[in-house]
Amino acid sequence: MTALLATQRYIQSLPKYMTLCEHNYVRLSKLLPKERSANSVREIKLGHSKFAIIIDDSAKYTLDISIKQLTGMVKGVSPLYLTVRLYQDAKVAEIIHHDYHQRIKPSYGYPNPKMHQKDEKYQLNAFLYDWLVACVEHGQAVLNWDINNGLV
């Protein structure tokens, strides 16, 4: 008996993906450092973990940031590291790198050598959405007190 393989390509729903990226932009805008220049950092505590949002590059229409896990790592699991690009003219944000890997393709054939999911890019951005919701609703920003400027 011969088995036929279904070779249907994964087709991403663009309206669904863009809506997700718009939600990520809105939530991420609330968590960015006040100063929007390169190397600006804002730390956020979520549960027993601490994360840093670092502005890597700032241009007229884009802002590249890194999200790094600083504390609360679990043994055997690599710490969170995401690179996100915010498109300020379109008001969307999407993950462009994760865990120091290469760029993320919109879709992958399946099976593939690295065992990426067909909709890996969408799943990573959905994870970012969930993480941002948790940070906005339950996170605590680490305050940097400056005694010399009379803030205390």
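As the structure is a computational prediction, the values presented were derived from the model and not from experiment. (Residues numbered from 1 in each chain as written. Predicted model: local features only at pLDDT ≥ 70, side-chain atom pairs only at ≥ 80, totals over all residues. Heavy atoms only, no water.)

Draft legend 1. Spotlight on the pairing of strand 5 (residues 92–98). Here strand 5 lies mainly inside the structure; six of its seven residues are buried. When strand 4 (residues 81–87) meets strand 5, the two strands line up antiparallel, connected through six bridges. When the bridges of strand 5 are listed, valine 84 appears paired with isoleucine 95. Taking the residues that link successive antiparallel strands as the turn, the strand 4-strand 5 hairpin has four residues, and the phi of lysine 91 there is positive, at about 60°. (Buried < 20%, exposed > 50% of the residue type's maximum accessible area, 1.4 Å probe, protein only. Helix = DSSP H or I, 4+ residues; strand = E, 2+ residues; numbered from the N terminus. Pairing = 2+ DSSP bridges.)

Draft legend 2. Seen up close, the packing of helix 1 (residues 14–31) against helix 2 (residues 120–138). Orientation of helix 1 relative to helix 2, taken along the N-to-C sense of each, is 35°, at an axis distance of 9 Å. In this structure, helix 1 crosses over helix 2, and the sense of that crossing is left-handed. Side by side, helix 1 and helix 2 meet where Lys16, Tyr17, Leu20, His23, Asn24, Arg27, Leu28, Lys30 and Leu31 of the first sit next to Lys121, Tyr122, Asn125, Ala126, Leu128, Tyr129, Leu132, Val133, Cys135 and Val136 of the second. Grouping the constituent residues of the contact of helix 1 with helix 2 by class yields twelve nonpolar, three polar and four charged. (Axes fitted to C-alpha atoms, helices over the stretch in contact; angles between N-to-C directions. Left-handed = near helix turned anticlockwise from the far one by under 90°. Contact = heavy atoms within 4.5 Å. Nonpolar A, V, L, I, M, F, W, Y, C, P; charged D, E, K, R; others polar.)

Draft legend 3. Structural detail: helix 2. Taking 1.5 Å of rise per residue, the 19 residues of helix 2 would be expected to cover 27 Å, and the 27 Å separating its terminal C-alpha atoms lies within 8% of that figure. Those residues of helix 2 lying buried are Glu120, Lys121, Tyr122, Leu124, Asn125, Leu128, Trp131, Leu132, Val133 and Cys135. Looking at the buried positions of helix 2, the neighbouring elements they touch are helix 1, strand 1 (41–46), strand 2 (49–58), strand 3 (62–71), strand 4 and strand 5. (Expected span 1.5 Å × (residues − 1).)

Draft legend 4. Expanded view of the sheet that holds strand 4. Across the sheet, six strands lie side by side as 5-4-3-2-1-6; this open sheet has antiparallel pairing. Each of the sheet's edge strands pairs with one partner strand only, and the pair in question is strand 5 and strand 6 (140–141). Two elements, strand 2 and strand 3, share eight bridges in a ladder whose sense is antiparallel. Residue pairing for strand 3: aspartate 57 is matched across the bridge by aspartate 64. Strands in contact with helix 1 are strand 1, strand 2, strand 3, strand 4 and strand 5; relative to strand 5, the strand with the most contacts, it is inclined by about 90°. Strand contacts of helix 2: strand 1, strand 2, strand 3, strand 4, strand 5 and strand 6, with the helix running at about 115° to strand 5, the strand carrying the most contacts.

Draft legend 5. Geometry of the packing of aromatic side chains. One pass over the structure, following the stated rule, counts two aromatic pairs. With centroids separated by 5.2 Å and ring planes inclined at 80°, the aromatic side chains of phenylalanine 51 and tryptophan 131 adopt a geometry described as edge-to-face. With phenylalanine 51 in strand 2 and tryptophan 131 in helix 2, this residue pair connects regions lying 80 residues apart in the sequence. (Phe/Tyr/Trp six-rings, centres within 6.5 Å; stacked < 30°, edge-to-face > 60°.)

Draft legend 6. Local environment of the nonpolar core. Grouped together as the largest cluster of nonpolar side chains are 24 residues, with contacts concentrated most on Leu28, Ile65, Ile67, Val84, Leu86 and Trp131. Ranked by residue count, the leading element in this core is helix 2, at five residues. Other than its neighbours up to four places away in sequence, leucine 28 contacts Ile53, Ile65, Val84, Leu86, Ala93 and Leu132. (Core = buried A, V, L, I, M, F, W, Y, C linked by side-chain atoms within 4.5 Å.)

Draft legend 7. Focus on the side chain of aspartate 64. The topology assignment puts aspartate 64 in strand 3. Judged by relative accessible area, aspartate 64 falls into the buried class, the value being 13%. Separated by 2.7 Å, the side chains of aspartate 64 and arginine 85 make a polar contact. Setting aside anything within four residues of it in sequence, one finds aspartate 64 in contact with Ile54, Ile55, Asp56, Asp57, Val84 and Arg85. (Polar contact = N/O pair within 3.5 Å; in protein donor to acceptor, adjacent residues only side chain to side chain.)

Spatial relationships are all this shows, so hold off on functional conclusions.
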